[in-house]
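# Survey of secondary and tertiary structure
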Amino acid sequence: MNKKLMAGWLILLSIILAIAGCSNADKTQEKPEASSSESAANGKVLVGVSMPTKSLQRWNQDGGYLKEHLEKKGYKVDLQFAENKVESQISQIENMITMGAKVLIIAPIDVNALVNVLDSAKAQDIKVISYDRLIMNTDAVDYYATFDNTIIGRMLGEYIVDQLGLKEGKGPYNFEIVSGPVNDTTAVLFNAAVDVVKPYIDEGKLVVRSGQTTMEQTATPNWEEKEAQARMDNILTAFYTDEHLDAVLCLNDSTSLGTQAALKSAGYGTADKPMPILTGQDADIANVKAIIAGEQSMSIFKDTSYLAGKVADMTDAIIKGSEVSVNDTENYHNGKRVVPSLLLESKFVDKNNYKQLLIDSGYYTEDELK
Ligand code: BGC
């Protein structure tokens, strides 16, 4: 690279960094390191990014940020969304392999369904990062990167315990659980959240009138809003015509929206019949609006740009053969091997802190939440 060109690059890089620094001034976590000019010179190595669906805000953001961070480092990115269809995800990954991708970043739709396609990736020495959800039963997964789901599960459970004053001996309260699909890594979240509330269920301070307390009984296929709504409609009709539902542990924002729709059509949301304490996860725009309107109590803020930046750093390190940064090399066994993992922290967001966490940080603008 000649000197002028290099100087141009450096100026451009400092502008980009300055802008990123300003808009993210108060973010909760340290930002990923800037790409070096060396990585930009790396040429157009192809990285495949396979996301589950475009239908949730979460994956559009993750996909977009991954592309942005990787392209900044000089990589070519093939970003695909599979609309929650396992066969589409498999054929998209096959295509990435054929096109010569060096690294695959995959958020699986079904964690058990990628064994064969990843065997072919491994045979061609393509490295695989399991993104957000841990791909199971294959030794072809090289790394796992996610927000720590055990911590998230605990935060959800503890929020319910705190808001209901269960530690102070209050109750009994009526309580239901709305979980995610069984073919996701929901179990980690579910177990952590349920561990927190279970002593109160056992003690009779949380009463689950539906009797549905296992992950299978409370599951929501594909995290679909409509599925959660239909299940909650049934529960409300069958068990709550004469009872008030006081709290619902929803494991994410789409299921929380479905639950809210069912509650509202059963007359909740008035002074006489207030909405239950209701959790969520992802801090999606629709859900933050619901928090502001008092229809959802809290959500979990996962800074997806931060995760995507870290995964872009991991990808860069894999391709350059340098050390890949992880912080857990013991706890994530996928049935075939312990997968070296990078676990990030998240925060809970509610009406008291959303301005500081989401607006002041530049994650959303005030207008987006109107
Ligand atoms: C993610 C959640 C997301 C859910 C639905 C989970 O694997 O961890 O953040 O809400 O998938 O897409």
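See above for the structure.
Residues numbered from 1 in each chain as written. Predicted model: local features only at pLDDT ≥ 70, side-chain atom pairs only at ≥ 80, totals over all residues. Heavy atoms only, no water.

Another aspect to go through is the packing of aromatic side chains. Here the structure, examined in full by the defined rule, presents 4 aromatic pairs. Where F301 meets Y363, the ring centres are 4.6 Å apart and the plane angle is 75°; that geometry is what we call edge-to-face. Separated by 62 residues along the polypeptide, F301 in strand β10 (residues 298–301) and Y363 in the segment after α13 (354–359) bring together distant segments of the chain. Y363 shares its class with F301; the two are buried. Pairing Y363 with Y364 gives two aromatic rings, centres 5.1 Å apart and planes at 65°, and the pair type is edge-to-face. The two residues Y363 and Y364 agree in class, both being buried. The structure contains a cluster of three or more aromatic residues connected by ring pairs, namely F301, Y363 and Y364. The ring of W59 has R58 lying over it, and the distance from NZ or CZ to the ring centre is 4.5 Å. (Phe/Tyr/Trp six-rings, centres within 6.5 Å; stacked < 30°, edge-to-face > 60°. Helix = DSSP H or I, 4+ residues; strand = E, 2+ residues; numbered from the N terminus. Buried < 20%, exposed > 50% of the residue type's maximum accessible area, 1.4 Å probe, protein only. Lys NZ or Arg CZ within 6 Å of the ring centre and 35° of its normal.)

Next up on the list: the site of the ligand. Close to the ligand lie L56, R58, W59, D132, R133, D184, W223, N252, Q281, D282 and K302, which account for all nearby residues. W223 is positioned with one of its side-chain polar atoms (N or O) 3.4 Å from an oxygen atom of the ligand. The side chain of N252 places a nitrogen or oxygen atom 2.8 Å from an oxygen atom of the ligand. Looking at side-chain class alone, the shell around the ligand contains 3 nonpolar, 2 polar and 6 charged residues. Formed jointly, the shell around the ligand draws a minimum of three residues from each of two domains, domain 1 (37–141 + 303–339) and domain 2 (149–302). (Near = heavy atom within 4 Å. Polar contact = N/O pair within 3.5 Å; in protein donor to acceptor, adjacent residues only side chain to side chain. Nonpolar A, V, L, I, M, F, W, Y, C, P; charged D, E, K, R; others polar. Domains from an automatic or database assignment.)

What follows deals with the packing of helix α9 (residues 225–239) against helix α10 (residues 253–265). Relative to each other, α9 and α10 sit at 40°, their axes nearing to 7 Å. By the criterion of interaxial angle, the relationship of α9 to α10 is oblique. The two elements α9 and α10 cross, and the hand of that crossing is right-handed. Packed against α9, whose contacting residues are E225, A228, Q229, M232, D233 and L236, the element α10 presents S254, T255, L257, G258, T259, A261, A262, L263 and S265 at the interface. Tallied by class, residues from the contact of α9 with α10 come to 7 nonpolar, 6 polar and 2 charged. (Axes fitted to C-alpha atoms, helices over the stretch in contact; angles between N-to-C directions. Parallel < 35°, antiparallel > 145°, perpendicular 65-115°, else oblique. Left-handed = near helix turned anticlockwise from the far one by under 90°. Contact = heavy atoms within 4.5 Å.)

This part is about the sheet that holds strand β2 (residues 76–81). Taken together, 6 strands build an open sheet; the order of strands is β2-β1-β3-β4-β5-β11 and the sheet is parallel. The open sheet terminates on both sides in strands that have one partner only, identified here as β2 and β11 (341–344). For this sheet, the mean angle separating the axes of adjacent strands, direction not counted, is 15°. The pairing of strand β4 (residues 127–131) with strand β5 (residues 143–147) spans 3 bridges and is classified as parallel. Paired with Y131 across the two strands is A145, which belongs to β5. Sheet strands touched by helix α4 (residues 86–98): β1 (46–51), β2 and β3 (103–106). Its angle to β1, the strand with the most contacts, is close to 180°. (Pairing = 2+ DSSP bridges.)

Here β11 shows no split at all, with S341 and L343 on one side and L342 and L344 on the other all buried. One ladder, built from 4 bridges, connects β5 with β11; its direction is parallel. Among the inter-strand pairings, Y144 is bridged to a residue of β11, identified as S341.

To continue, consider the packing of helix α3 (residues 57–72) against helix α12 (residues 304–320). Running from N to C, α3 and α12 point in directions that differ by 40°, and their axes come no closer than 8 Å. When the axis of α3 is compared with that of α12, the two are oblique. Our pair here, α3 against α12, has a crossing hand that is right-handed. Residues R58, Q61, D62, Y65, L66, H69 and L70 of α3 form the contact with α12, whose own contacting residues are T304, S305, L307, A308, G309, V311, A312 and T315. A breakdown of the residues in the contact of α3 with α12 according to their chemical character gives 7 nonpolar, 6 polar and 2 charged.

With the rule as written, the count across this model stands at 14 salt bridges. Measuring nitrogen to oxygen at the nearest pair gives 3.9 Å for the salt bridge that ties K167 to D162. The partner of D202 in a salt bridge is K198, and the shortest N-O contact between them spans 2.9 Å. Here D202 pairs with K198, and both are found in helix α7 (residues 186–203), just 4 residues apart, close to one helical turn. With a relative accessible area of 41%, K198 lands in the partly exposed category. Three or more residues are tied together by salt bridges with common partners; here these are R58, D62, D132 and K302. (Salt bridge = Lys/Arg side-chain N within 4 Å of Asp/Glu carboxyl O.)

Counting residues in hydrophobic clusters, the biggest one holds 58 residues, and the most contacted among them are V49, M51, I105, I129, Y131, F175 and V311. Here this core takes 8 residues from α12, the largest share from any one element. The two domains that each donate at least three residues to this core are domain 1 (37–141 + 303–339) and domain 2 (149–302). Core analysis: the second largest hydrophobic core is formed by 21 residues, I93, L114, V128 and V339 among them. (Core = buried A, V, L, I, M, F, W, Y, C linked by side-chain atoms within 4.5 Å.)

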